[in-house]
Amino acid sequence: MKKQWRGLAIVMCLALLISVIASSDTIQASSGSTEEGYSWFVILPGDAKKAASMQKQLEKGKTPVELGLTSVKTEKQPLRSLSDIQKEDAKAQQTYDVKVDPPVQINKKWAPPRFQYDYISKQECLDNIEKSERDEGWIKNPYAWCRSKIVSYGWVKGKWPFRTVYGVEYRITEIGYGTNSEDKNKKEREVNFDYYIDDIYTTHSMMNGAKLKVDINCNALVHVEDCKESRSTPAIERTIAQWKNNNFGTKKLYSTPPPKTDSNPEQTGYMEFFTHQVMDPPRFPTRTVDSPKQKVRWDSADYMIVINPNQTFYNAGIFSNVKPVIHFSYNNPSVMKEQAQHIKDALEQPEKTYPYPGMGKTIPSTLTRLKDKELIRKNRKKSQRWCKRLAEAGTIPKPANSECDEFPFASTNQGSYTGSEYSVSVRYIDKDSNQAGGAWLGAWYAYDRILDGDAFDVEVEAPEKIATIQSEGQPQDGQDNRSSDNFTIGNIPPYATKLQWKIVDGPKDAKFDVMKDISFGVDETIFYDLTDGSETEIETSEDFYIARPENTDGESFTVEVYAIP
């Protein structure tokens, strides 16, 4: 009899469990707790550990709001003025490295390289997750954007610890491709996107039947023509099982230029884009989530021309929420060293520059492009007059085969005529250096789509001293190898590719090694047989020391270490 009652009880429990799972009427489509259960559909960080931590908190009853997660639908906003959007762009803090090859000399003239896109691969996006997981994503350059996030859908039944989670989790990686078109007959400005759904995890096999729709949508910001979605790349809806087999999707967004006007000669426009995702599981609430928004700027400027090589760029779509920075290098190519030195001196020691040297003189590092050819000519002529006057007075030297160079550049509103002559530096530099730098700057304007009035920063990639070490001429008392105290190699500028070691005091023929102090082990030799001017790979540590000095006759010496481009 007891066995019969036990069997009946088991049957009744199974029937009750089946009725609870099958009853869709009791499921609430809420992102917070209810008596029946609660659900969510949210975008988590791209870092897997951070995402896992938030996932656990969601499963234990935390709401998306409590965790600072948004799961709202993007609403269409009214059109705004072009000037308002441009002011927003000017406040961008994210910068990017310029990956343009240096100019080369062809037939005794300096020519910039041809334009090439430097897009982001999927793997590169994932390798830079600390950048790509940001809400706004990562802008590698104006034509390359990506974002990688983990997305979680869940519906929870019961109370902790007796609860059941019905969920789907996956990573969505989006890659954006801007354009700088050389097609004269193509009027549309466009950007393209690829997206991938990877690392899919389901808590129950039934969730493989959930439908996931993905699309990249846009909103026009200035003109109604700023946001158009190509019919050839519609939204994609697949079951989770199908996404596991085919994880790829693509999208094309474009703009037709508005009429050219005096107030908008470049036919500039803006749109914002976002990823729209809809999860529709069997028997559970359908949920929608939109990603944070990012901007694209459109333009059809008619002055993006590079003379040699002969390239004209007629229109573009770029990821504009980034600050343009042009870099001048000492070493790449070395012919530009004198111009780079001039810019470095102007920015770091303006009080020592001419004309009008003296304390309190400032020279800006943020400039704005000037397109007007007549004003550029006036900037250049005024600088040349200053160079001639200062050279004739013996104030500045005028070497053979040199030309007058000015900073800020003549092609900016901060030039010597259009700006303030009290915030300008002029000097004679090598003719090749001046012409190579000018060719590179002109090409960069076109390649990075710097419009008339656009702001950009100027930086110099110059050797930077990162350590000074005093060393004895022989190992210290009681030491077999060590001849100096520990020193630190760190704070390496991002453009540096090598370390350079210079002997600045003591025997110049000295030779030495660099070792690493290991507290509980045998010290390791990092660099061997260094001499004055030696270049090495970059290694960082707080525990380096100079060891085994030779050719010193027992004299102490001083070493300076530079990070070099």
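Everything numeric here is computed off the predicted structure, so don't read it as measured data. (Residues numbered from 1 in each chain as written. Predicted model: local features only at pLDDT ≥ 70, side-chain atom pairs only at ≥ 80, totals over all residues. Heavy atoms only, no water.)

### Regarding the sheet that holds strand β30 (residues 541-550)
To keep it simple, the criterion reads: Two strands form a pair only when DSSP identifies at least two bridges running between them. For the purposes of this entry, the term helix denotes a DSSP run of H or I that reaches at least four residues, the term strand denotes a run of E that reaches at least two, and both are numbered from the N terminus. Lines fitted to the C-alpha atoms define the axes, with helices restricted to the stretch that makes contact. Angles between their N-to-C directions range from 0 to 180 degrees.
Spatial ordering of the open sheet is given by β25-β30-β27-β28, a layout of 4 strands whose pairing is antiparallel. With partners counted over all chains shown, the strands left at the sheet margins are β25 (487-489) and β28 (524-530), one partner each. Mean inter-strand twist for the sheet, computed between neighbouring axes without regard to direction, equals 35°. Direction of pairing for strand β27 (residues 511-516) relative to β28: antiparallel, over a ladder of 4 bridges. Within β28, the residue paired with K516 across the bridge is E524.

### Some words on the confidence of the model for the protein
To be explicit about the condition: Think of pLDDT as the predictor's per-residue confidence, scored from 0 to 100. By definition in these notes, contact holds between two residues if any of their heavy atoms fall within 4.5 Å.
Averaged over every residue, the pLDDT of the protein is 90; the share at 70 or more is 92%. The low-confidence segment residues 1-35 (pLDDT under 50) makes 31 contacts with residues lying over four places distant or belonging to another chain.

### Considerations on the sheet that holds strand β26 (residues 498-505)
If you walk across this open sheet you meet the 4 strands as β24-β31-β26-β29, and the pairing is antiparallel. Across the chains shown, the open sheet's two edge strands, defined by having one partner strand only, are β24 (464-471) and β29 (534-536). Strand-to-strand twist across the sheet, computed as the mean angle between neighbouring axes with direction ignored, equals 25°. For β26 and β29, the ladder comprises 3 bridges, and the chain directions are antiparallel. Bridged to Q500 within β29 is E535.

### Overview of the pairing of β26
Where β26 and strand β31 (residues 557-564) come together, 7 bridges link them in antiparallel fashion. Note on β31: the bridge partner recorded for L499 is A563.

### Some points on the side chain of T173
Which entries qualify depends on this criterion: Here's how the labels work: a residue is buried when its accessible area is under 20% of the maximum for its type, exposed when over 50%, partly exposed in between, all with a 1.4 Å probe on protein chains only. Identification of polar contacts relies on pairs of N or O atoms within 3.5 Å, with a donor-acceptor requirement for protein atoms, meaning one able to donate a hydrogen and the other able to accept it, and with residues adjacent in sequence counted only if both atoms are side-chain atoms.
Secondary-structure assignment places T173 in strand β6 (residues 162-177). According to the relative accessible area criterion, T173 is buried, its value standing at 0%. Looking at T173, its side chain comes within polar contact range of the side chain of S148, at 3.0 Å. Ignoring any residue separated from it by four or fewer positions in sequence, one finds T173 in contact with K122, C125, L126, R147, S148, D194, Y195 and Y196.

### Overview of the state of the cysteines
In plain terms, the rule: Criterion for a disulfide: a pair of cysteine sulfur atoms at a distance within 2.5 Å.
Taken as a whole and assessed by the stated rule, the structure comprises 3 disulfides. The disulfide partner of C125 is C146, and the gap between their sulfur atoms is 2.3 Å. Around the S-S axis, the bridge from C125 to C146 shows a dihedral of about 95° and counts as right-handed. Of this pair, C125 sits in helix α4 (residues 122-127) while C146 is found in strand β5 (residues 144-159), placing the two residues 21 residues apart along the sequence. As far as burial versus exposure is concerned, C125 and C146 are alike and both buried. Paired by a disulfide, C387 and C404 hold their sulfur atoms 2.1 Å apart. Here the disulfide of C387 and C404 is right-handed, its torsion about the S-S bond being about 70°. Linking C387 in helix α8 (residues 373-392) with C404 in strand β21 (residues 402-407), this pair joins segments that are 17 residues apart in sequence. With its bonded cysteines labelled in order along the sequence, the protein shows the pairing 1-2, 3-4, 5-6.

### A short note on the nonpolar core
Note the cut-off: For our purposes a nonpolar core is just a set of buried Ala, Val, Leu, Ile, Met, Phe, Trp, Tyr and Cys residues, chained together by side-chain atoms within 4.5 Å.
Residues Y170 and F273 are the most contacted members of the largest nonpolar core, which totals 62 residues. Core analysis: the next-biggest nonpolar cluster, separate from the first, contains 20 residues, A467, I469, I489 and V561 among them.

### Side note on empty space enclosed by the protein
Quick note on the threshold: The method works on a 1 Å grid over the protein atoms by themselves. A cavity is a set of points holding a 1.4 Å probe that cannot get out, a pocket is an open set with protein on both sides within 12 Å along at least five of seven lines, and residues with an atom within 4 Å of a point line them. Grid points are joined across faces, edges and corners, and a volume is the space filled by probe spheres set on the points. Asp, Glu, Lys and Arg are counted as charged, while Ala, Val, Leu, Ile, Met, Phe, Trp, Tyr, Cys and Pro are counted as nonpolar; the rest, among them Gly, fall into the polar class.
In total, this model carries 1 cavity of 30 Å³ or more according to the counting rule given. One number sums up the size of the largest cavity: a volume of about 40 Å³. At the level of elements, β5, β6 and β13 (269-280) are the ones that each hand at least two residues to the lining of the largest cavity. Per-class residue counts for the lining of the largest cavity are 3 nonpolar, 3 polar and 3 charged.

### Observations regarding the pattern of salt bridges
Keep this limit in mind: Salt bridges are counted wherever a side-chain nitrogen of Lys or Arg sits within 4 Å of a carboxyl oxygen of Asp or Glu.
Under the defined criterion, the tally for this structure stands at 31 salt bridges. Of the charged contacts, one joins K50 and E133 as a salt bridge, the two residues approaching to 2.8 Å between their closest N and O atoms. Of this pair, K50 sits in helix α2 (residues 48-59) while E133 sits in the loop between α5 (129-132) and β4 (138-141); the two residues are 83 residues apart in sequence, bridging distant segments of the chain. Where D345 meets R427, a salt bridge forms, and the shortest distance between an N and an O atom there is 3.1 Å.

### A word on the layout of surface pockets
Here the largest pocket is characterised by a volume of approximately 1,100 Å³. Contributions of two or more residues to the lining of the largest pocket are made by β3 (109-111), β16 (305-306), α8, β21 and α9 (431-447). When residues in the lining of the largest pocket are grouped by element, the largest group, 10 residues, is from α9. Within the lining of the largest pocket, the residues separate by chemical class into 19 nonpolar, 9 polar and 8 charged. There is about 460 Å³ of room inside the second largest pocket. In this structure, the second largest pocket is lined by 27 residues; those nearest its centre are D89, A90, R297, D454 and A455.

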